[in-house]
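Tertiary structure, described
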Amino acid sequence: MPLRSLQALCLVNFFMADVRDGLGPFLGIFLTERYWNAGDIGWVMTAGGLAGLVATLPAGLATDTTRHKRSLLLAGSMLITCATLLLWYFDQAWITVLSQIVTGLSAALIAPVLTGITLGLTGPDGFGQQMGKNEAFNHGGNMTAAIIAGAAVWYWGTGAVFVLMTTMALCAALAVLFIRSEEIDDVAARGMTSASSGDTLPRLSHVVRHPALIITALTLLLFHLGNAALLPMLSLRVASAHSAEISPGLYAAATVVISQCVMIPMALYAARHASRFGYTKLITLALLVLPVRALIASLFDSTFSMVPVQILDGMAAGLLGVAIPGYIVKILQGSGHTNAGQGFIMLMQGIGAAMSPALAGNIAAAYSYHVTFAVLGVIACAALMTWWMGSRLSNKSAAHT
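Anyway, here's the lowdown on the structure attached to this text.

Thresholds applied
- Residues numbered from 1 in each chain as written.
- Predicted model: local features only at pLDDT ≥ 70, side-chain atom pairs only at ≥ 80, totals over all residues.
- Heavy atoms only, no water.
- Helix = DSSP H or I, 4+ residues; strand = E, 2+ residues; numbered from the N terminus.
- Rg over C-alpha atoms; globule rule 2.2 N^0.38 Å.
- Contact = heavy atoms within 4.5 Å.
- Areas by Shrake-Rupley, 256 points an atom, 1.4 Å probe, with all protein chains shown as cover.
- Lys, Arg positive; Asp, Glu negative; His and termini not counted.
- Charge placed at Lys NZ, Arg CZ, Asp CG, Glu CD.
- Core = buried A, V, L, I, M, F, W, Y, C linked by side-chain atoms within 4.5 Å.
- Buried < 20%, exposed > 50% of the residue type's maximum accessible area, 1.4 Å probe, protein only.
- Phe/Tyr/Trp six-rings, centres within 6.5 Å; stacked < 30°, edge-to-face > 60°.
- Disulfide = S-S within 2.5 Å.
- Salt bridge = Lys/Arg side-chain N within 4 Å of Asp/Glu carboxyl O.
- Expected span 1.5 Å × (residues − 1).

A few words now on the overall build of the protein. Scanning the protein from N- to C-terminus turns up 15 helices and 0 strands. In terms of C-alpha radius of gyration, the protein reaches 21 Å, essentially the compact-globule figure of 21 Å for 401 residues. Referenced to the eigenvectors of the C-alpha coordinate spread, the extents of the protein come out at roughly 65 × 50 × 35 Å. At a minimum sequence separation of 6, the contacts of the protein that also span at least 24 residues come to 85%. Of the roughly 17900 Å² that the protein leaves accessible, carbon and sulfur atoms contribute 69%. Positive and negative side-chain charges of the protein, numbering 19 and 16 respectively, have mean locations separated by a distance of 11 Å.

As structure tokens, then:
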């Protein structure tokens, strides 16, 4: 395998972890300092999120089509950086909205391109192991950036985040240049096995009609519908409790650090044992975690009950971050639509994650946090049942063919 290019790819994942989200959680703080109200900030964030959803599937199709994956990665990184820096120099509302739309569109491109480059460098046999390293470096980059950003903002103010993100973007660009373009097999990166069949352009119809892909997409839509709002609801429960044992800000920071710490070893574990257990069993294990997580959140009010909740979150995310891309590569091998399939899955995950906070918030307002977590747990069970029944049907179909 091309060792130098794979090492550079790990560094790209490390530095790109901070770049792809722009200001991320600091956007709201920055706009609040510029006297934006909460409603307008919410709409700006929504605009960026919707732009990302719209671009996810086309980004996967583009990755399957192009032979200039490094250039796309560089362009996406630079566009996010420039769009974010616009916020520092201009405070007009339309520029802020435009900045978040550009960030959302560009961020949607980065994930499938990274997956395509990984597959092009390793081929299907080494893909799972390298994805584990990619995910570990990605989570490490998130943790490092969060720690540095928190200290820098405390010492220098919110403006320090712009300097940090720009620095990370430049480091990511340098790491991309160390990936040798001639070592990326663009045919293998699409999931093709021969150069002659690699000339066929990817078609959306092939992706949305694939039974196993549809089952996976529905499963992950339900999973993220139940999962995405769980942590925000925990933070809101702590913030609304006047006798909280810990400050809400420190609580939020701790939840991120705990889950990210667990994700790193779990991603490496999934990569190491994927060939032994298979991607299907790893996905099933990750899906089993969410109902338990929701049950703990529903039954226990203690502030520190978030520790096991976030440990479980890290376990599920670490497993899925490796198992899902590996499973998609496996089921779409030979189709030439591997990255389009990855984009379709990310689209469905994004839809579930976008709907989750609104659903949970309305339930909490009408009933209680206990009921909210119970409902999220039921949705998690629905995701598990969808996956289990779909997997059985797929196995039966494979046995008959």
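Within the largest apolar cluster, 51 residues are counted, with the highest numbers of intra-cluster contacts made by Leu230 and Ile283. Those elements that provide at least two residues to this core are helix H9 (211-227), helix H10 (230-240), helix H11 (248-277), helix H12 (279-299), helix H13 (306-331), helix H14 (338-366) and helix H15 (369-400). Not counting residues up to four positions away in its chain, the partners in contact with Leu230 are Leu290, Arg293, Ala294, Ala297, Val309, Phe373 and Leu376. Counting residues in hydrophobic clusters, the runner-up holds 39 residues, among them Phe15, Ile80, Ile179 and Ile184.

This part covers the packing of aromatic side chains. Counting across every chain of the model gives 6 aromatic pairs. Taken together, a centroid distance of 5.1 Å and an interplanar angle of 65° make the contact between Phe30 and Phe162 edge-to-face. Taken together, the residues Phe30 in helix H2 (residues 26-33) and Phe162 in helix H6 (residues 159-177) connect sequence positions 132 residues apart. The residues Phe30 and Phe162 share a single accessibility class, namely buried. Through a chain of ring-to-ring contacts, the aromatic side chains of Phe30, Trp88 and Phe162 assemble into a single cluster.

Tallied over the full model, the rule gives 0 disulfides. Of all cysteine sulfurs in the structure, the one in Cys171 sits closest to Cys10, which takes part in no disulfide; the separation is 16 Å.

In the structure shown here, the tally under the stated rule is 4 salt bridges. The partner of Lys69 in a salt bridge is Asp186, with the nearest N and O atoms 2.8 Å apart. Of the two residues, Lys69 sits in helix H4 (residues 69-89) while Asp186 sits in helix H7 (residues 186-189), which places them 117 residues apart along the sequence. By relative accessible area, Lys69 is classed as buried at 2%. By relative accessible area, which is 15% here, Asp186 ends up buried. Across the salt bridge formed by Arg180 and Glu183, the nearest N and O atoms sit 3.4 Å from each other. The class of Arg180 is partly exposed, set by a relative accessible area of 31%. One salt-bridge network, held together by shared partners, links Arg67, Lys69 and Asp186.

It is worth spelling out H6 at this point. Spanning 19 residues, H6 covers 28 Å between terminal C-alpha atoms, matching the ideal 27 Å at 1.5 Å per step. Along its buried surface, H6 packs onto helix H1 (3-19), H2, H4 and helix H5 (93-156).

Let us now look at the side chain of Thr63. By the element assignment, Thr63 lies in helix H3 (residues 38-65). Looking at Thr63, the relative accessible area reads 0%, which means it is buried. Among residues more than four places away in sequence, those in contact with Thr63 are Lys69, Pro112, Val113, Gly116 and Asn339.

Here the focus is the side chain of Thr56. In this structure, Thr56 sits in helix H3. Once you skip the residues sitting within four places of it in the chain, Thr56 turns out to touch Ala108, Gly343, Met346 and Leu347.

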